2 protein chains.
Amino acid sequence: MATGPTIRDVAARAGTSTAVVSYVLNDGPRPVAPATRARVLAAVAELGYRRNNLARALRANRTGTLGLVVPDLAKPFFAELTRAIEDAAFARGLRLLVGSAHFDADREDEQLRALLDARVDAAFLVPSQDPTSSITLLRRARIPHALVHRTHPDTVCIAGDDVSAGRQAAEHLLQHGHRYIALLGVGRAEDPVSLRSRGASATLTEHDRPLPPWSMLTCPFPNLRDDAYRATLDLLTTHPQITAICATTDEHAVGALRAATEIGRRIGDDLALVSIDGTELAAYLTPALTAVTAPFDTLGADAVDTVLNPSGAGPTVRQHPLTLTVRRSCGCHATHDGHRKS
Amino acid sequence: MATGPTIRDVAARAGTSTAVVSYVLNDGPRPVAPATRARVLAAVAELGYRRNNLARALRANRTGTLGLVVPDLAKPFFAELTRAIEDAAFARGLRLLVGSAHFDADREDEQLRALLDARVDAAFLVPSQDPTSSITLLRRARIPHALVHRTHPDTVCIAGDDVSAGRQAAEHLLQHGHRYIALLGVGRAEDPVSLRSRGASATLTEHDRPLPPWSMLTCPFPNLRDDAYRATLDLLTTHPQITAICATTDEHAVGALRAATEIGRRIGDDLALVSIDGTELAAYLTPALTAVTAPFDTLGADAVDTVLNPSGAGPTVRQHPLTLTVRRSCGCHATHDGHRKS
C-alpha cells in the first residue's frame, strides 16, 4: 500500500525513533537535540520523504489521537490487529488509545464514549455483536470512523475476505483427499466466523463433500478455546471416522488440538487441522498450524489511511485477501519454518 | 481482596450488566428502563451492596477514565494483565484506555502523553525499560499513578513476588531430581525476568546445583519466542546432558517447547520444562505447561484500588505471590486438566 519512503525509513536512516522524527517534523511537542535534528533532516532530504499532509492537518487542529475498541484484548487475534493499527497510526505521527468491550454491547458503548470524551480524532471499532447502535453513536460524534474485521451496510468497513478464506481452508483439506471433514465455529450473524464457515461449506458442497449437520459445530464467542475443546472431544469420540477439521479461528484450532491430543489422535498425521487467522501463536503450537492468514499489517494501514482520508462516498466495504501458510498440522509435513509472513 | 458484594454480584442478581448497574447508581450517563432500575435497586438492597464512594467522588469531578500503558499488547501476559485491570476498573464504575509502547521508551512517553491529554483520572504503567523518565512525567501530571509488574524505588508499585516465583520453579525441578538445569531468560535490570532468574539461581545454588554460565541464557525482549527458540536449540545441541529448563516467562517456554520438539526431545518425558507467568496459553500448549502463575486478578484489583485510594505515604512496593500450577511439561504427568486457577 505504501508509496515512497515512510517515517520509519527516515527513523532507521537517522538512527532514531519514529517519535523523534515526528517531533522534528512537527516542531514538538518535545525538544530534540540539535545533532539528532540535523540527522533527521538529512535523512528526510536523502530519502526524499514527503510528510502525510492529511495527518498533519488533522493534528494541527486536533488531539493527534485515534481510538479503537475491540471485543477482547486478551485474545491473540485482536491483540495482533490492535498492534497493526497502532503501528500504522504511529508511522503516520498519530497515537492510538484502545478500549476492550469484553464481548459486551454495553461495555462497547461505554468504551466508545470514553474515547469520544478523550476527543479522539477518529475511531475504529471491531464490534462484539451487532454494531448498529455503536455505528449510530460514532455517526452522532461526527468524527471519521470505520469498522474493522467486520462488515456492515451502514458504514465504512475494512475486513479480510473471510468467505474466500473459508474456501481456501476447505480446498486445502480436499487436496489432501479427506472425505470426512468437520467444521468448527459456525456463527449466526454476518461475523467473520460465519463468513468463513459459509465459504468452507460452499466449497465442500461444490466438491460433493457436503458437511452433514453433526459435523458443523457452533461455539459461542467468549470461551472459544474451551468450547472448541469440548466440542471436538465429543465429535471425535462419537464420529471417529472424521479425518480432518477446518477451524474458523486459531482459538478454535487451539481447543481442537488439545482435544485431539488428549484422545490420542495425532494432528498432522491421522487427523488434519487447518485454521484461519494465522496469529503468531499458530507458528509456535506443536505441531505448527497450517493457517489461512489474515493480512494484519494491510488491515491496520488501510484502516488508518481510511479515517485520515475519508472519501465522503458513503458506506463501503474494502476486503483484503487472506493467504494460506502451510505448516505441519494439515499433514503436508512441510519444513517447520513456521513463521507468519509479514 | 474483595470485602462484601461487588457491582458484579449486583449485576448477576439483577440479570443485567455492570454498566447498567453503574448507570442506575450514578443516575446516568445513560437512561435505564424503569423495570431494570427496580431490579437493580432490589439487588442492591438484598445484597447490602455499598458503593465505592471514592470511585464516586473521583467520577463526580473527573472523566471516570483510567489509563494504562503496557510494553506490547500483542504479548499474552500484558494482554491478560490489561484485561484484569480493565475488569477491576469496570467493576468499580470506571473505564480504562490503553496504549502500547512497543518496548520503546519514546513511544511509552508518547502514549502516556496521549492518556494525560485525554485527562485520565489516574494512570498505570507497565514500563518497557527504565521507568525513571515516565515516573517524572506522571508525577508532573499530578494524578494518582502506579507501576504494575515492575518495582522502582520512586513510586507506588504493584507487582508479583518474582524472586519467590523463580524459587518455586527451581524447587519444583529439584524435587523431580534434575541435576542439569538450564535457565532461560536472564535479564539485566530490575525487571521481572531478572528477579525470577535471581530467585531460581539462588535456590539452585543453595541446593548445591549452581548454574554453570553456559546454562543461563539471555534473550532480548521484543522477540522472546524466537530468541528463546534459537537459544534452546543451540543449548540442547551443544549440551545434551540438560534434562530440565526453567523458563522465566511463558514466551520463553513457548520458544523452548518448539526447539525441543524440533530436535526430538520430549517435553514432560525426557526434558522437563517449568515456566513462570501462567497465561491462558500455558494450559493449551502440548504438553500443557507447568507454570508458576501470576495473580492477574489480584494485581488488577490492587492496582485500581491503589490509585482510587492513594495513601499519600510515598513510594511503596506491594508484592503478591505467584502460585505453582502443575500440568504436564514438568514430568508430573498430572491429569491434563490444564486450567489456570482464577
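As shown above, the structure is provided for reference.
In this report, the structure presented in the accompanying data block is examined.

Definitions and limits used
Residues numbered from 1 in each chain as written. Chains lettered and ligands numbered in written order. Predicted model: local features only at pLDDT ≥ 70, side-chain atom pairs only at ≥ 80, totals over all residues. Heavy atoms only, no water. Contact = heavy atoms within 4.5 Å. Salt bridge = Lys/Arg side-chain N within 4 Å of Asp/Glu carboxyl O. Polar contact = N/O pair within 3.5 Å; in protein donor to acceptor, adjacent residues only side chain to side chain. Helix = DSSP H or I, 4+ residues; strand = E, 2+ residues; numbered from the N terminus. Nonpolar A, V, L, I, M, F, W, Y, C, P; charged D, E, K, R; others polar. Core = buried A, V, L, I, M, F, W, Y, C linked by side-chain atoms within 4.5 Å. Buried < 20%, exposed > 50% of the residue type's maximum accessible area, 1.4 Å probe, protein only. Pairing = 2+ DSSP bridges. Right-handed = clockwise from strand over helix to strand, strands pointing away. Axes fitted to C-alpha atoms, helices over the stretch in contact; angles between N-to-C directions. Parallel < 35°, antiparallel > 145°, perpendicular 65-115°, else oblique. Left-handed = near helix turned anticlockwise from the far one by under 90°. Phe/Tyr/Trp six-rings, centres within 6.5 Å; stacked < 30°, edge-to-face > 60°. Lys NZ or Arg CZ within 6 Å of the ring centre and 35° of its normal.

Chain B puts 56 residues into the contact, and the matching count from chain A is 56 residues. Counting across the chain B and chain A interface gives nine salt bridges. Among the salt bridges present, the one from Arg-107 of chain A reaches Glu-86 of chain B, with a minimum N-O distance of 3.7 Å. At the junction of chain B with chain A, the criterion picks out 20 residue pairs in polar contact (both at pLDDT 80 or more). Of all the secondary-structure elements, those providing two or more residues to the side of chain B that touches chain A are α2 (18-26), α5 (76-91), β2 (95-100), α6 (105-117), α10 (224-238), α11 (250-262) and α12 (280-284) of chain B. Ranked by residues supplied to the side of chain B that touches chain A, first place goes to α6 of chain B with nine residues. For the side of chain B that touches chain A, the per-class residue count stands at 20 nonpolar, 13 polar and 23 charged.

One finds Phe-124 of chain A together with Phe-124 of chain B to be the most contacted residues of the largest nonpolar core, which totals 96 residues. The next biggest cluster of nonpolar side chains, apart from the first, holds 56 residues, and it includes Ala-182, Leu-235 and Leu-271 of chain A together with Ile-245 of chain B.

A few words now on the pairing of strand β4 (residues 145-148) of chain A. Residues and elements named next belong to chain A. In β4, alternate side chains face the same way, and those of His-145 and Leu-147 on one face and Ala-146 and Val-148 on the other are all buried. As judged from the three bridges shared by strand β3 (residues 122-125) and β4, these two strands associate in the parallel manner. Paired with Phe-124 across the two strands is Ala-146, which belongs to β4. The parallel pair β3 and β4 is bridged by helix α7 (residues 132-140), and the resulting crossover is right-handed. In this sheet, strand β5 (residues 156-160) lies alongside β4 in parallel orientation, the contact comprising two bridges. Residue pairing in the sheet places Val-148 in a bridge with Ile-158 of β5.

By secondary structure assignment, the location of Arg-83 of chain B is in helix α5. Distance in space between the C-alpha atoms of Arg-83 of chain B and Val-20 of chain B is 20 Å, their sequence separation being 63 residues. Dropping the residues within four chain positions of it, Arg-83 of chain B is found in contact with Asp-72, Ala-74, Lys-75 and His-102 of chain A together with Glu-280 of chain B.

Right, let's talk about the packing of helix α6 (residues 105-117) of chain A against α7 of chain A for a bit. Residues and elements named next belong to chain A. Taken N-terminus to C-terminus, the directions of α6 and α7 make an angle of 15 degrees; their axes are 10 Å apart at the nearest point. Of the possible angle classes, the one that applies to α6 and α7 is roughly parallel. For the pair α6 and α7, the crossing hand works out as right-handed. When α6 is examined against α7, the residues Glu-108, Asp-109, Leu-112, Arg-113 and Leu-116 are found in contact with a partner set consisting of Ser-133, Ser-134, Leu-137 and Leu-138. A class-by-class count of the residues in the contact of α6 with α7 yields four nonpolar, two polar and three charged.

Tallying each qualifying case throughout the model produces six aromatic pairs over all chains. Ring plane angle 90 degrees and centroid distance 5.8 Å describe the contact between Phe-77 of chain A and Phe-78 of chain A, whose orientation is recorded as edge-to-face. In terms of burial, Phe-77 of chain A and Phe-78 of chain A fall into one category: buried. In this structure an aromatic cluster arises from ring pairing among Phe-77, Phe-78, Phe-103 and Phe-296 of chain A. Positioned above the aromatic ring of Phe-90 of chain B, the side-chain terminus of Arg-107 of chain A is 4.0 Å from the ring centre. In this structure, Arg-258 of chain A packs its charged tip against the face of Tyr-229 of chain A, placed 4.1 Å from the ring centre.

Scope: geometric values only; no functional claims are made or implied.
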